[in-house]
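The lines below spell out each chain.
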Amino acid sequence: MTRAQQTISIALLLSSLYLACFLGIVPFSPKIQDEIVPVIPFWALVTFGAYLLFKLGYGVFTFNDVPEAHKELMTQIQQARTELKAKGVDVGTD
Amino acid sequence: MLDRLVGLTMLIAASAVFLYYTIWTLFMPFVDEDHPLHTLFPPRVWAIRIPVILILLFTTVVGSFLSVVMIRSNRRKALKAKAKKAN
């Protein structure tokens, strides 16, 4: 089962469960049915967006500098520039 | 230093939005009408309107960007085909 199939099947399951609640097939108290159930998809969307933002912010917050990798990357860029320039490619200025 | 600040801001913003919106949509219906807590929240219709407006805005921006890029790319492809034909 691919990732897409898994995601689609879970989405379908949740959608059918929500549709059952929305159409009144599952009995709720009138207050919940009228005020909570219609709001659930929007709440899920906002929660999903907030979760993604949280995950992003946490990644940015905990990402430490990597000086050796930076040095290695800079030397590799320098090597690539010299090699390409020797072959006649316009590598621009630093 | 600055990037840690940006990350922290995103963390706090995400948590604040989630908390505020959850209390607004899922908890406020069960709070009595005359409780002072209601002064912190706008009328509940806005809990639906604001996400809908944001979704429409987002799809508009993404759609416009996509269309501009595709039109530009097609124009370039047509120019290239015309130049090739002329040769």
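Treat the numbers as computed from the prediction; the structure is a model and nothing was measured.

1. Side note on the UniProt feature "transmembrane region" (unreviewed entry) in chain B
All names here are of chain B. Per the UniProt record, "transmembrane region" (unreviewed entry) is annotated on residues 5–27 and 47–71. Secondary structure over residues 5–27 splits into 100% helix and 0% strand, and the C-alpha atoms at its two ends are 32 Å apart. Taken end to end, residues 47–71 has its terminal C-alpha atoms 37 Å apart, with 100% of it in helix and 0% in strand.

2. A look at the domain arrangement of chain B
All names here are of chain B. Considered domain by domain, chain B is made up of domain 1 (1–41) and domain 2 (43–87). If you average the C-alpha positions of domain 1 and of domain 2, the two centres end up 32 Å apart. Listed by partner, the interface residues are five residues for domain 1 and six residues for domain 2. Taken over both partners, the interface formed by domain 1 and domain 2 buries close to 450 Å², and the fraction arising from carbon and sulfur atoms is 61%. Taken as a group, Tyr21, Trp24 and Thr25 account for 78% of the area that domain 1 buries against domain 2, more than any other trio of residues on that side. Applying the counting criterion to the domain 1 and domain 2 interface returns zero salt bridges. At the junction of domain 1 and domain 2, the tally comes to three residue pairs in polar contact (both at pLDDT 80 or more). For the side of domain 1 that touches domain 2, a count of residues per class yields four nonpolar, one polar and no charged.

Cut-offs used in this document
Residues numbered from 1 in each chain as written. Chains lettered and ligands numbered in written order. Predicted model: local features only at pLDDT ≥ 70, side-chain atom pairs only at ≥ 80, totals over all residues. Heavy atoms only, no water. UniProt positions renumbered as here; feature names shortened; annotations may be inferred. Helix = DSSP H or I, 4+ residues; strand = E, 2+ residues; numbered from the N terminus. Domains from an automatic or database assignment. Contact = heavy atoms within 4.5 Å. Buried area = accessible area lost by both parts, 1.4 Å probe. Salt bridge = Lys/Arg side-chain N within 4 Å of Asp/Glu carboxyl O. Polar contact = N/O pair within 3.5 Å; in protein donor to acceptor, adjacent residues only side chain to side chain. Nonpolar A, V, L, I, M, F, W, Y, C, P; charged D, E, K, R; others polar.

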